[in-house]
Structure formats: structure tokens, C-alpha cells
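# Descriptive analysis of the structure
Letter by letter, the chains look like this.
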Amino acid sequence: MRIKRLVGTAVGTTLLLFTAVPTASAAGTTRSAARDALDRTALRGTLDAFHEAGMYGAYSAVREGRDRWKGASGLADVDTGRKVTPNMRHRIGSISKTFTAVAILQQVEKGRISLDAPVTRYVPDLFPGADRERGDAITVRMLLNHTSHLGDYVLGAFPSLAQNSTASLDEHRFRTIRPQELVRLGLAAPATGSPGAQPGSYSNTNYVLAGLILEKVTGQKAATYLTRHVIDRAGLHHTAFPRTQYIKGPHAKMYESFYGLIDPPRDYSVYDMSWGYTAGALTSTMDDLNRFYAKLLTGKLIGRASLAEMQRTVPVNVGPGVAIDYGLGIYTLEIPGCGRFWGHDGGVFGAGTLSLTRADGERQLSLGFTLMKYQRLNEDGTALEPSPIDEALNVHVATALCDAPGTDAGTGAGTGSGTGEGAGTESKPSAKPSKSSGSSAGAAGGERVLPDGLVGVDLSTGGQVVSPAAPVPN
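Let me sum up the structure you'll find in this document. (Residues numbered from 1 in each chain as written. Predicted model: local features only at pLDDT ≥ 70, side-chain atom pairs only at ≥ 80, totals over all residues. Heavy atoms only, no water.)

### Considering the overall build of the protein chain
Our working definition: In DSSP terms, a helix is any run of H or I states spanning at least four residues, a strand is any run of E spanning at least two, and both are numbered starting from the N terminus. Accessible area is worked out with a 1.4 Å probe on protein chains only. A residue is then buried under 20% of its type maximum, exposed over 50%, and partly exposed in between. Any two residues having at least one pair of non-hydrogen atoms within 4.5 Å are treated as being in contact. In this description, accessible areas are obtained by the Shrake-Rupley approach with a 1.4 Å probe, and a residue is regarded as covered only by the protein chains that are shown.
Each helix and strand counted, the protein chain has 13 helices and 19 strands in total. Per-residue burial over the protein chain gives 60% buried out of 474 residues. Residue pairs in contact within the protein chain that sit at least 24 positions apart in sequence constitute 78% of those at least 6 positions apart. Working note: accessible area of the protein chain is about 16700 Å², and carbon and sulfur atoms make up 50% of it.

### Points about the packing of helix H2 (residues 96-109) against helix H8 (residues 205-218)
The cut-off we apply is this: In this description, a line fitted to the C-alpha atoms serves as the axis of each element, helices being fitted only across the stretch in contact, and the angle between N-to-C directions of two axes falls anywhere from 0 to 180 degrees. Helix crossings get a hand from a simple test, with the near helix turned counterclockwise from the far one by less than a right angle marking a left-handed crossing and a clockwise turn marking a right-handed one. Side-chain classes follow a simple rule in which Ala, Val, Leu, Ile, Met, Phe, Trp, Tyr, Cys and Pro form the nonpolar group, Asp, Glu, Lys and Arg form the charged group, and the remainder, Gly included, forms the polar group.
Closest axis-to-axis distance for the H2/H8 pair is 10 Å, and the angle between their directions is 35 degrees. Classified by chirality, the crossing of H8 by H2 is left-handed. Packed against H2, whose contacting residues are Lys97, Thr100, Ala101, Ala103, Ile104 and Gln107, the element H8 presents Tyr207, Ala210, Gly211, Leu214, Val217 and Thr218 at the interface. Taken together, the residues that form the contact of H2 with H8 break down as 7 nonpolar, 4 polar and 1 charged.

### Some points on the pattern of salt bridges
Put simply, the rule is: For this document, the term salt bridge refers to a Lys or Arg side-chain nitrogen within 4 Å of an Asp or Glu carboxyl oxygen.
Here the structure, examined in full by the defined rule, presents 17 salt bridges. Here the salt bridges do not stand alone but share partners, grouping Glu64, Arg358, Asp360 and Arg363 into one network.

### Some points on the state of the cysteines
Our working definition: Cysteine sulfur pairs qualify as disulfides if the two atoms are within 2.5 Å.
Following the criterion strictly, the structure yields 1 disulfide and no others. Each sulfur in the disulfide pair Cys338 and Cys402 lies 1.9 Å from the other. On the criterion of sequence distance, the pair formed by Cys338 in the loop between strand E12 (331-335) and strand E13 (339-348) and Cys402 in helix H13 (residues 388-402) is long-range, its members being 64 residues apart. In this structure, Cys338 and Cys402 share a single accessibility class: buried.

### Topic: the packing of H2 against helix H9 (residues 222-231)
Basically, it comes down to this: Note on terminology: angles under 35 degrees are roughly parallel, angles over 145 are roughly antiparallel, angles of 65 to 115 are roughly perpendicular, and the others are oblique.
Close contact between H2 and H9 brings their axes to 10 Å; oriented N to C, the two are set at 80 degrees. What the angle tells us is that H2 and H9 run roughly perpendicular. Residue-level inspection shows Phe99, Thr100, Val102, Ala103, Gln106 and Gln107 of H2 in contact with H9, the latter providing Tyr225, Leu226, His229, Val230 and Ile231.

### A word on the side chain of Thr218
Inclusion rule: Within 3.5 Å is the distance limit for a polar contact, defined as a pair of N or O atoms, with the added protein rule that one can donate a hydrogen and the other accept it, and that residues adjacent in sequence qualify only through two side-chain atoms.
In this structure, Thr218 sits in helix H8. Of the polar contacts made by the side chain of Thr218, one reaches the backbone oxygen of Leu214; its length is 2.7 Å. For Thr218, the side chain forms a polar contact with the main-chain nitrogen of Gln220, separated by 3.2 Å. Apart from residues lying up to four places away in sequence, Thr218 is in contact with Gln107 and Tyr225.

### Section: the side chain of His149
Along the chain, the position of His149 falls in the loop between helix H4 (140-144) and helix H5 (154-157). In terms of polar contacts, His149 uses its side chain to reach the side chain of Thr192, at 2.9 Å. Within the local environment of His149, its side chain forms a polar contact with the backbone oxygen of Ala197, the two atoms lying 2.8 Å apart. If we ignore the near neighbours within four places in the chain, the residues touching His149 are Arg134, Ala191, Thr192, Gly193, Ser194, Gly196, Ala197, Pro199, Gly200 and Ser201.

### Regarding H2
Formally: Residue count minus one, scaled by 1.5 Å, sets the expected span of a helix.
If you check H2, its first and last C-alpha atoms are 20 Å apart, about what 14 residues at 1.5 Å a residue would give, namely 20 Å. In terms of residue burial, H2 counts as a mostly covered element, since 12 of its 14 residues are buried. Buried within H2 we find Ser96, Lys97, Thr98, Phe99, Thr100, Ala101, Val102, Ala103, Ile104, Leu105, Gln106 and Gln107. Count one or two residues on from H2 and you reach Gly111, which has phi positive near 80 degrees.

### Structural notes on the sheet that holds strand E7 (residues 255-256)
Rule in force here: Between any two strands, at least two bridges found by DSSP are needed for them to pair.
Reading across the sheet, the 3 strands line up as E8-E7-E16 and stay open at both edges, with mixed pairing between neighbours. The outermost strands of the open sheet, each flanked by one partner alone, are strand E8 (266-267) and strand E16 (371-372).

### A word on the environment of Pro242
Note on placement: Pro242 falls in the loop between H9 and E7. In this structure, the C-alpha to C-alpha distance between Pro242 and Ala223, residues 19 residues apart in sequence, is 9.3 Å. Apart from the residues lying within four places of it in its own chain, the contact partners of Pro242 are Arg91, Met273 and Ala281.

### Topic: the pairing of strand E15 (residues 363-369)
The buried count for E15 comes to 7 of 7 residues, which makes it a mostly enclosed element. With burial as the criterion, each face of E15 is covered, one bearing Arg363, Leu365, Leu367 and Phe369 and the other bearing Gln364, Ser366 and Gly368. As judged from the 7 bridges shared by strand E3 (residues 57-64) and E15, these two strands associate in the antiparallel manner. For Val62, the partnering residue across the bridge sits in E15 and is Leu365. For strand E14 (residues 351-358) and E15, the ladder comprises 5 bridges, and the chain directions are antiparallel. Following the sheet pairing, Gly352 is matched in E15 by Phe369. A loop of 4 residues connects E14 with E15, the two strands running antiparallel in sequence, and Gly361 in this loop sits at a positive phi of about 80 degrees.

Treat this as a map of the structure, not an account of what it does.
Next up, the structure:
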């Protein structure tokens, strides 16, 4: 098969379909039995079906009010047969952006940062010479809502991707790259528009700059500040910036296929994540992510005024002709019959994560999985073929957020490849987004909810179209 181009996507590449559920509403209709708000059998079955469709391993955490469920299905190591467990740590990619935005807004509350001040007020040295005028026109807000129109640094950091080669992924596995160099690569990439223009354009460069501004105004390393004032404040015990190439604590291997260019898929769980920095380097667990988004959306990490700023959205392009409603480090989706959800998703080499929380903070899904870009290109190399993995992902997400599996996949208990836990009395928040295929079985009459290539949070391509004919960034 001749590959004409690769399309940068986050977790899946097509649209999530939902069948509207009359029993749920934006306000979060109270169910008759709080302890039994979640259908554990359906959740267990649909998570197993996700693995059986071809996903190597997945862990999921779901919450409705005081009722919570978590489970895991599949393999943490395809060679040894070691199984995944619900509490495994995971690279969460661009979900890190929400943490960074929270930190910036905390500094706004202290009067140390102004959202509408030019970034050159804080980091003038990052915009030397001819770039100074550009930096003067970009505000902190534009970084956080992706309207700066700075190019993405990822193709510059991994130049072989522009030639449909994944050689850079292996060549730079143990490279440490400074955030200032990532900004330089972003400035060297073609701008996507004029600062402030809408729709915006998703770029990881924005959140590296945000991290450097945070360091400037606090006098601390970004990782130190985020740990003390965001992670610890939220009560997260298994979330951290990695200090080495290794993930500390129990975790799965994380496999990258890159649409068939890596065959068989290769494990990238050992990786120097300096290239992700404050745009995508964090590791976490599904329970921690659930707790984080619930704390955020109920005003426990930043004040209500700051949260309102965070939830002021603008259209942001995440792929050719596709835009989403993006705020400051968080985006929103209206799911028919289920309500409005807030969250983010993330993808790095080998690891995908989804996190969504209903606006009232009561219904949440967090999902991590360990095989990325498993889809295959069509014969022309211009589009991706639908994958049964995407369809199974659709069903699990619909079941988790709307109690609507859409197929009979959620009616069985599933096979013995996974583990699950549930407690009806402890209140633990959870959250995660999702993205998946366009024609989910049994979703006839459903509405499309998640856009193609949602937010481009797959840091491996930064959401850009990669063409063999494209110039390789310096």
C-alpha cells in the first residue's frame, strides 16, 4: 500500500455516535437507587469488548454521584501475558494542558499574570529579533485557548514524521530537549493565522510557552509548582511529572502502530518526555483524573470567576475543516440526552487517554488505553479505514456516560480477560473524554458528538497533516 499522507489525530479518527437517552439530562436526572446508578455488568462487558476488538489493554473509571465503578481489560504486556489492572499509571498526554491552565489561572488570581497581557511581558527573550512584534501581539489568553496561531513544534522535534517515517521516535527516545528549544521550533514552523483570529488552531507550542511563563512569575520549575499547587491541592496521589524515562509505579507497556508504519506495534512506555513538558508529560491514574476534574469543576482548585474564564470557549480547528469549542485548557461537548460535558483527551506514543465530566460534576468517565494509531489507511492512502476498535470504544463511552451501549455488547458480563472494582458509598470523582469511529454498530439514529481528530492532542503529530512532500522543519 502506498502511503500518500498520514493524518495527525488524537485517539481515534472518526466521530463518536450516541443514541439519545431520555432518562438522562443536562441537569443530571436523579436515579431511583443511588447505589445502583451504574450498570456494572454493561460497563464490564463493553470494556471487555473493547479489548476483544483488538485494543491491547484498557482501564476505565466511571462515576455517577456517589456510585463508582472501575475496571481493566486486556494485557499490560503482549509478550508475557501480564494483565492490566484498574489502578495502573498511564501517560496522559495533553490532559496535562488542563493542569497547566489551572496553574496559570491561580497566578491570575494572585495578580501576577494578566490573561490579556502580551506574552512578551513575561518571557521577552523567547521572541528575539523579528519575532518580537509577533510576541507582542500574542496574549496569555491566546496561548491557553489556542488562538495564538503559533505553529506546532512536534514535526520539528521529530522531523522524520514529515517523511512518513517513524525513525525519529526511536532516535530521540532518550533525548532531553529544553522547553526553550521547543518554542524555537514552534516559532520556526509556519504560522496558522494572525494572533487572536478565530477559529484558533491547536498547537502544543502554546502550552510550552505557558509553562515557561509560569516558571518566570513563580521562580519555580513548572513541575514543582504544578505538583505543589495543583496536583497536591487536588489530593492526587498517583499523578506526577516523570523524573526519568521510566514511569514510576505499576504500569502497562504502551504500544505504537502509527497506522501500520510500525509493524508489529512497538512499546514506547520508556521515553524521555521532556518533549511534552507542560503540554503533555504528566502520568496519572484514572481515579486521579476523575478526582482532578471533579475538584476543578466544583471550584476547589480555582475560584468561580477563574472557572468562568476557563469555560469561555472559542472555535478551535483540530483538523481540516473540523473545529471544537475550546476554553482555557479544557473543551466542552454537548451530548444529546446526557448533558454538557467538560474535559480533555490526550495521546502520546503508545498511550491514549479520554476524560469527560458532566457540567454538574456528577457523571464522569476516565479511560486509558495502550495501543495508538491502530487504524489503517485506505488503498489511496488518503483516509483511515474504520476500525472495530473504534466501534467498541464508542459503545463503552456511550455506556459510561449515557447508560446507552447502543448494541448488545453491554448486556453480557464479558470474558475473563479483565478485572473490575466497584463501591457504592465512597464518593470519588472521575473524568475522561473519548473519540472513536464513525459508524458504531447499533447507534442508528444517534447523533455525532466528537469531531474527527479531536483537539489533535496526539502529541506525535500535533494534529497536523503530515505529507511526504512537505518540507522537513529545521
